[in-house]
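# Coordinates in review
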Amino acid sequence: MKHLIILPLLGLAVSSPLLAQEQSKTVTIDTPRFEGEKTITRDRAAGDYSNSAELTRKRDGAVATSDYNRSRTENGWVANGAQTDFQGRTRSFDYQRERTENGFRANGSATTRRGETYDYDAGRRRTENGYVAGRRVTDSDGKTVYGKKVRVKRTDGGVSRKVKVRRDANFKPRRVKPLRPKTIRPRRR
């Protein structure tokens with residue numbers, strides 16, 4: 001009976017250092033229209049993650065690339081990435097998020113494929129009976145093109161929520177927050 005209990009514990013003790021090491025995986029992509037590879041590297045102990053891909057279109061040799069990196073910091077995390085499509089247009093971003101005593105602060109910037117640059121600033125803080133959150137996106141001229149403020153207050157009768165949104169009519173992004181670029185995937189027919 002002792003051996004039945006000790007063996008699984010021994011297995012956990014031996015495998016723990018293996019899980020803490022950096023792990024890398026490369027996937028080969030080969031379809032009738034595209035070929036390339038994708039590499040994913042993760043170090044759970046350090047909090048690092050990277051994902052890069054390069055895809056070649058077979059009919060004309062055009063290349064698309066994607067690169068995403070995220071690292072844990074003392075009080076949060078930082079991320080950056082870039083993606084180039086088959087036409088050579090590039091979009092990129094960088095983002096950092098930091099925990100605060102009663103919430104978080106985040107900021108970053110993004111550049112679109114058309115060369116437009118935006119800065120992002122956001123935060124959230126707890127109050128004694130709810131929270132206040134906000135985010136703001138400004139263009140390269142410093143003009144606020146998107147702003148949102150949320151105030152939530154809990155009372156005995158329920159929850160009250162006030163939301164104010166301000167958006168420039170010409171600003172229509174898919175996502176306001178500069179998230180990582182999508183992974184390049186070949187289209188299926």
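Residues numbered from 1 in each chain as written. Predicted model: local features only at pLDDT ≥ 70, side-chain atom pairs only at ≥ 80, totals over all residues. Heavy atoms only, no water.

### Brief notes about the confidence of the model for the chain
In this model, the chain carries a mean pLDDT of 84, and residues with pLDDT of at least 70 account for 80%. Low pLDDT (under 50) marks residues 176-182, which in the prediction has 28 contacts with non-local residues, meaning those over four places away or in another chain. (pLDDT = per-residue confidence, 0-100. Contact = heavy atoms within 4.5 Å.)

### Structural notes on the side chain of threonine 138
Within the secondary structure, threonine 138 is located in strand β9 (residues 130-139). On the basis of relative accessible area, threonine 138 is assigned to the buried category, the value being 14%. Those residues in contact with threonine 138, other than ones at most four positions away along the chain, are Thr117, Tyr118, Asp119, Lys143, Thr144 and Val145. (Helix = DSSP H or I, 4+ residues; strand = E, 2+ residues; numbered from the N terminus. Buried < 20%, exposed > 50% of the residue type's maximum accessible area, 1.4 Å probe, protein only.)

### Re the environment of aspartate 67
Along the polypeptide, aspartate 67 turns up in strand β4 (residues 63-72). A relative accessible area of 32% means that aspartate 67 is categorised as partly exposed. For the pair aspartate 67 and serine 50, spaced 17 residues apart in the sequence, the C-alpha separation amounts to 7.5 Å. A polar side-chain atom of aspartate 67 sits 3.3 Å from a polar atom in the side chain of asparagine 69. (Polar contact = N/O pair within 3.5 Å; in protein donor to acceptor, adjacent residues only side chain to side chain.)

### Some thoughts on the side chain of threonine 41
Here threonine 41 lies in strand β2 (residues 34-43). Judged by relative accessible area, threonine 41 falls into the buried class, the value being 17%. Side-chain polar atoms of threonine 41 contact the side chain of serine 24, separated by 3.4 Å. Look past the residues within four positions of threonine 41 in its chain and what remains in contact with it is Glu22, Gln23, Ser24, Asp48, Tyr49 and Ser50.

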